[in-house]
Amino acid sequence: MTQAFGLSRLWRWLRPPMASSALTGSAHARAAQRAWSIVHAVYAYNVYIGVTLLKNWQRWADGPVLDPLWPVSWVTATGSAAAGILVGTAYLGTSLLALFRPERRGARALCAVSALMAFALHNSFGKINHTYHGLLWVLIIFVFLPQPDGQTHHARRRFRQQTLRIFWAGQAALLMFYSMSGALKLYASINQMAKGQAGFLSAEAAARHVAHRLLQTNGESLLGWLMLEHPWIGLPTQWLTIYLELLAFLIAFRPASHRLWALGLIGMHLGIGLFMDIWFIHQITIVALMLACSPFVREDAHALDGLRTLPGFAWLSSPGRQRRARDLERPQAVAVKE
Amino acid sequence: MTESQRYLQRYWMILAIAAFLYVTVAGVTLLRARTGANTEIFPIFSWDLFSVVPNETMDYGLRVLEVDGKPLEPPQFLEQLTLFSRPFRISVHMAIQELGVAHVRGDTERARALAHMLYENHLGGAARRVRFELVERRFDVLTRVRSGRFASLTPIDLAELHP
């Protein structure tokens, strides 16, 4: 019956993912399995965002004037109401598809393309916000995750290793964005201080950013008043921000520090939210998923292992312990023996 | 060289090229953005967030003179008016800045499109006709947030927002 309608093929396609998992045995196999669990979680989070965008359908239906970005340049022909509902539905549908079959490259590619259009439409009203950018790049990189291509020992091992490498590329991209931001802060700070102005490393920098933001919106933030009354409290947070952002890319190569760095980045985003009322909600979530749940952290890792491999904290540990911490499941150390 | 070594070499090369291209495009858009134009190529972004600390700052503001034919005494900046939603949306602030840049550049078509978008998306529900002047404002952020004082206010254009 099902065969008659081609439903068996559809059922095979929609079968619970990783049912015939090749991931058993070694630590690398467990790491790859954890990576696929996080891939699932990322697509589940996309379903949540898709539902949220559709829930706000009234915004599109009201027909706001658009300043369309290139992925949705066609909306001038359809109008925002039709485009919003079309893109929102496509994004939710493809997120569901990728959630059920994440190992299908086609499903992941469709999800990435529809996310690109949905986020572009969301940013097509005169200002580009950057809370979705990290998530979008992770989705684009996930398109390159491998598809299971056989049950031989060699094929399974290659599948696991390609999984870990592409997953690592997603982590590295996120961390590279932070490093770009940190490098620009340091450059601008040196530039401004050389001109006799307050730069990002000056005592008043955080207070000035808070003041500027609150003036732009004539708004309030939970703790903005505290920063404005006592500007000096911003100084340690500014130095910590430079440290966290500038050196973030290095952390991609130090898996033992992934969780600790994620905690730092999430804390930084929370601070920005509390003081400036700018909430990078989706960035916090993607950092939590990709780094706080990093599959490269050894299961038996001690909390201090992360601290020992932080740039500048090597003195905390003996050379032997440093080596052990550095060697925690490096993605590039995973090699196939022919 | 084994198959896996070749794969690994290709993998690193592709990653390095992709990262280089991303940083290059983001850097070029950042340099062009310094001229005042919005040149961001979505979804590539330079991640230039909060790097320049506002000291003596210049921005553009819409000082509202009349709402639906009723003069405001004294005239107030759009973000201070309780008539419109609070907190003021950052997208409105950014649209006003782009409007100012377009006006100063003499790009009347872009300025008209931005004014239309401002009215339709953010003000239309609150008023039928808003008469305003576009003002160049110079201020120190900490002085302004503590005392409300500007270093200078220079009106540069007079206009109306309407359906």
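Residues numbered from 1 in each chain as written. Chains lettered and ligands numbered in written order. Predicted model: local features only at pLDDT ≥ 70, side-chain atom pairs only at ≥ 80, totals over all residues. Heavy atoms only, no water.

Another aspect to go through is the overall build of chain A. For chain A, the helix and strand inventory stands at 16 helices and 0 strands. Each of the 338 residues in chain A was classed as buried or not, and the buried ones make up 52%. Taking all contacts inside chain A whose residues are at least 6 apart in sequence as the whole, residues at least 24 apart take part in 75%. Entry remark: accessible area of chain A is about 14900 Å², with carbon and sulfur atoms responsible for 66%. (Helix = DSSP H or I, 4+ residues; strand = E, 2+ residues; numbered from the N terminus. Buried < 20%, exposed > 50% of the residue type's maximum accessible area, 1.4 Å probe, protein only. Contact = heavy atoms within 4.5 Å. Areas by Shrake-Rupley, 256 points an atom, 1.4 Å probe, with all protein chains shown as cover.)

All names here are of chain A. Between helix α2 (residues 27-55) and helix α14 (residues 281-292), whose axes approach to 10 Å, the crossing angle comes to 165 degrees. In this view, α2 runs roughly antiparallel relative to α14, as classed from their interaxial angle. Crossing handedness for the pair α2 and α14: right-handed. Along the contact surface, α2 presents Ile38, Ala41, Val42, Tyr45 and Ile49, while α14 presents Ile281, His282, Thr285, Ile286, Leu289 and Met290. Along the lines of polarity and charge, the residues of the contact of α2 with α14 split into 9 nonpolar, 2 polar and no charged. (Axes fitted to C-alpha atoms, helices over the stretch in contact; angles between N-to-C directions. Parallel < 35°, antiparallel > 145°, perpendicular 65-115°, else oblique. Left-handed = near helix turned anticlockwise from the far one by under 90°. Nonpolar A, V, L, I, M, F, W, Y, C, P; charged D, E, K, R; others polar.)

Turning to its location among the elements, methionine 117 of chain B is positioned in helix α3 (residues 108-123). Expressed as a C-alpha distance, the spacing of methionine 117 of chain B and alanine 95 of chain B, which sit 22 residues apart in the sequence, is 8.5 Å.

A few words now on helix α8 (residues 153-194) of chain A. Residues and elements named next belong to chain A. Given a rise of 1.5 Å per residue, 42 residues ought to cover 62 Å, and the 61 Å separating the end C-alpha atoms of α8 matches this to within 8%. Burial runs high along α8: 30 of the 42 residues are buried. A positive backbone phi angle near 85 degrees is found at glycine 196, which sits one or two residues after α8. (Expected span 1.5 Å × (residues − 1).)

Okay, the environment of threonine 143 of chain B next. All names here are of chain B. If you trace the backbone, threonine 143 turns up in helix α4 (residues 141-147). When the C-alpha atoms of threonine 143 and glutamate 56 are compared, they prove to be 9.8 Å apart, with 87 residues separating the residues in sequence. Once residues lying within four places of it in the same chain are set aside, the contact partners of threonine 143 are Gly148 and Arg149. A polar contact is formed between the side chain of threonine 143 and the side chain of aspartate 140, at a distance of 3.0 Å. (Polar contact = N/O pair within 3.5 Å; in protein donor to acceptor, adjacent residues only side chain to side chain.)

Moving on, we get to the pairing of strand β2 (residues 70-77) of chain B. All names here are of chain B. With 4 bridges joining them, strand β1 (residues 56-67) and β2 adopt antiparallel strand pairing. In the strand pairing of β2, valine 67 is matched with lysine 70. Where β1 folds back on β2, the antiparallel hairpin that results is connected by 2 residues, among which aspartate 68 adopts a positive phi of roughly 50 degrees. (Pairing = 2+ DSSP bridges.)

Let us now look at the packing of aromatic side chains. The final tally for this structure, using the stated rule, is 18 aromatic pairs over all chains. Geometrically, the ring pair formed by tryptophan 137 of chain A and tyrosine 22 of chain B is edge-to-face, given 5.4 Å between the ring centres and 80 degrees between the ring planes. Of this pair, tryptophan 137 of chain A sits in helix α7 (residues 133-142) while tyrosine 22 of chain B sits in helix α1 (residues 3-33), on two different chains. Ring geometry for phenylalanine 177 of chain A against tyrosine 22 of chain B: centres 5.1 Å apart, planes inclined by 35 degrees, an arrangement best described as tilted. Pair noted here: phenylalanine 177 of chain A is in helix α8 and tyrosine 22 of chain B is in helix α1, and the two residues belong to different chains. The burial state of phenylalanine 177 of chain A is the same as that of tyrosine 22 of chain B; both residues are buried. In this structure, arginine 137 of chain B is placed above the aromatic ring of phenylalanine 77 of chain B, and the distance from its NZ or CZ to the ring centre is 4.6 Å. (Phe/Tyr/Trp six-rings, centres within 6.5 Å; stacked < 30°, edge-to-face > 60°. Lys NZ or Arg CZ within 6 Å of the ring centre and 35° of its normal.)

A few words on the pattern of salt bridges. Residues and elements named next belong to chain B. In total, this model carries 13 salt bridges over all chains according to the counting rule given. Close ionic contact of arginine 137 with aspartate 59 constitutes a salt bridge, the shortest N to O distance being 2.8 Å. Note that arginine 137 is positioned in strand β3 (residues 130-140) and aspartate 59 in strand β1, a separation of 78 residues in sequence. With a closest N to O distance of 2.8 Å, arginine 137 and glutamate 79 form a salt bridge. In this pair, arginine 137 sits in strand β3 while glutamate 79 sits in the loop between β2 and α2 (90-105), placing the two residues 58 residues apart along the sequence. Each member of the pair, arginine 137 as well as glutamate 79, carries the same accessibility label: buried. When salt bridges with common partners are traced through the structure, they connect Asp59, Glu79, Arg137 and Arg144 into a single cluster. (Salt bridge = Lys/Arg side-chain N within 4 Å of Asp/Glu carboxyl O.)

Okay, the pairing of β1 of chain B next. For a regular strand, side-chain orientation follows a simple rule: the groups alternate between the two sheet faces. Residues and elements named next belong to chain B. The buried count for β1 comes to 9 of 12 residues, which makes it a mostly enclosed element. Pairing between β1 and β3: 11 bridges, direction antiparallel. Among the inter-strand pairings, aspartate 59 is bridged to a residue of β3, identified as arginine 137.

Turning to the interface of chain B and chain A, a few remarks are in order. At the interface, 53 residues of chain B touch 63 residues of chain A. With both chains or domains summed, chain B and chain A bury close to 5300 Å², and 66% of this area falls on carbon and sulfur atoms. When the buried surface of chain B facing chain A is broken down by residue, Phe42, Trp47 and Phe50 of chain B rank first, second and third, together holding 17% of it. Along the contact surface separating chain B from chain A lie 2 salt bridges. On the surface where chain B and chain A come into contact, there are 15 residue pairs in polar contact (both at pLDDT 80 or more). Elements represented by at least two residues in the side of chain B that touches chain A include exactly α1, α2, α3, β3 and α4 of chain B. Among the elements that line the side of chain B that touches chain A, the one with the most residues is α1 of chain B, at 12 residues. Taken together, the residues of the side of chain B that touches chain A break down into 30 nonpolar, 11 polar and 12 charged. (Buried area = accessible area lost by both parts, 1.4 Å probe.)

Residues and elements named next belong to chain A. The end-to-end C-alpha separation of α14 is 15 Å, in line with the 16 Å expected for 12 residues at 1.5 Å each. Every buried residue of α14 is accounted for by His282, Gln283, Ile284, Thr285, Ile286, Val287, Leu289, Met290 and Leu291. Tucked into the core, α14 has its buried residues touching α2, α7, α8 and α13 (258-276).

Okay, the environment of serine 80 of chain A next. The topology assignment puts serine 80 of chain A in helix α5 (residues 80-100). A relative accessible area of 6% places serine 80 of chain A in the buried class.

Moving on, we get to the confidence of the model for chain A. All names here are of chain A. In this model, chain A carries an average pLDDT of 84, and 83% of its residues clear a pLDDT of 70 or more. Segment residues 13-24 is flagged for pLDDT under 50; beyond a separation of four residues in sequence, or across chains, it makes 29 contacts in the model. When the criterion is pLDDT under 50, residues 328-338 qualifies, and its contacts beyond four places in sequence or with other chains add up to 34 contacts. (pLDDT = per-residue confidence, 0-100.)

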